[in-house]
Amino acid sequence: MTLVQPEKTTEKPATNVDLKALLDECTAVHAQRHAELREAERQDSLDAVEYATEAASKTFGETAAAALGQWLPADMMDEGCLQASVTIAPGTYLTHTTGEDGSWFTLLTACTRCSTSNETRIYNLLTLAEALHKAGVR
């Protein structure tokens, strides 16, 4: 019995795959998904600001809500949660959160001198006034 060595070839095996077309299609799908995610984030930001504005009007009244100023969407939002905040004073922020458990306001205060922070749940205009007074906002 004699063994025969296969002939060496430098040719690549023929395939039916159009690699350029496949890569182009993958790139297009990736770009479309990226655009969809950016649009969803943009819509979440708009919704967070709208919900915060409406909730502030209902909770604090039209005049107090208008005095708060411009609500801004949070830079990072947890999954299933929308957040917006307004700066009341340096280091003092009123945050509105809408999530699966409902919606609520929180006053966040931070002291840069002593590196402490405090969170106070806000239920109405009275608790907001008390929390601001306690935080030293005049």
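Refer to the structure above for everything that follows.
Residues numbered from 1 in each chain as written. Predicted model: local features only at pLDDT ≥ 70, side-chain atom pairs only at ≥ 80, totals over all residues. Heavy atoms only, no water.

**Some remarks on the nonpolar core**
Put simply, the rule is: Residues belong to one nonpolar core when they are buried, are Ala, Val, Leu, Ile, Met, Phe, Trp, Tyr or Cys, and are joined through side-chain atoms within 4.5 Å. When accessible area is computed with a 1.4 Å probe and restricted to protein chains, residues below 20% of their type maximum are described as buried, those above 50% as exposed, and intermediate ones as partly exposed. Numbered from the N terminus, helices here are DSSP runs of H or I no shorter than four residues, and strands are runs of E no shorter than two. Any two residues whose heavy atoms approach within 4.5 Å at even a single point are treated as in contact.
Ranked by internal contacts, the top residues of the largest apolar core, which has 19 residues, are Phe 60, Trp 71, Leu 94, Phe 105 and Ile 122. Of all the elements in the fold, those that place two or more residues in this core are helix H1 (19-60), helix H2 (62-68), strand E2 (82-89), strand E4 (102-111) and helix H3 (125-134). With residues near it in sequence (within four places) discarded, Trp 71 still touches Val 49, Ala 52, Thr 53, Ala 56, Ala 84, Ser 85, Val 86, Leu 94, Thr 95, His 96 and Phe 105.

**Re the packing of aromatic side chains**
As a reminder, the rule being used: Whether two aromatic rings pair depends on their centres lying within 6.5 Å, for rings of Phe, Tyr and Trp, where Trp uses its six-membered ring; planes under 30 degrees apart make the pair stacked, over 60 edge-to-face, and the rest tilted.
Taken as a whole and judged by the stated rule, the model has two aromatic pairs. Ring centres of Phe 60 and Phe 105 lie 4.9 Å apart, and the angle between their planes is 50°; on these two criteria the pair is classed as tilted. Linking Phe 60 in helix H1 with Phe 105 in strand E4, this pair joins segments that are 45 residues apart in sequence. Phe 105 matches Phe 60 in its accessibility class, with the two residues each being buried. Arranged with centres 6.1 Å apart and planes meeting at 45°, the rings of Trp 71 and Phe 105 form a pair that is tilted. Taken together, the residues Trp 71 in the loop between H2 and strand E1 (72-73) and Phe 105 in strand E4 connect sequence positions 34 residues apart. Each member of the pair, Trp 71 as well as Phe 105, is classed as buried. By way of ring pairs, the aromatic residues Phe 60, Trp 71 and Phe 105 are connected into one cluster.

**Re the side chain of Thr 109**
Looking at the element boundaries, Thr 109 is found in strand E4. Look at Thr 109 and you get buried, because its relative accessible area is 16%. With near-sequence residues (within four places) excluded, Thr 109 lies in contact with Gly 91, Thr 92, Thr 116, Ser 117, Asn 118 and Ala 135.

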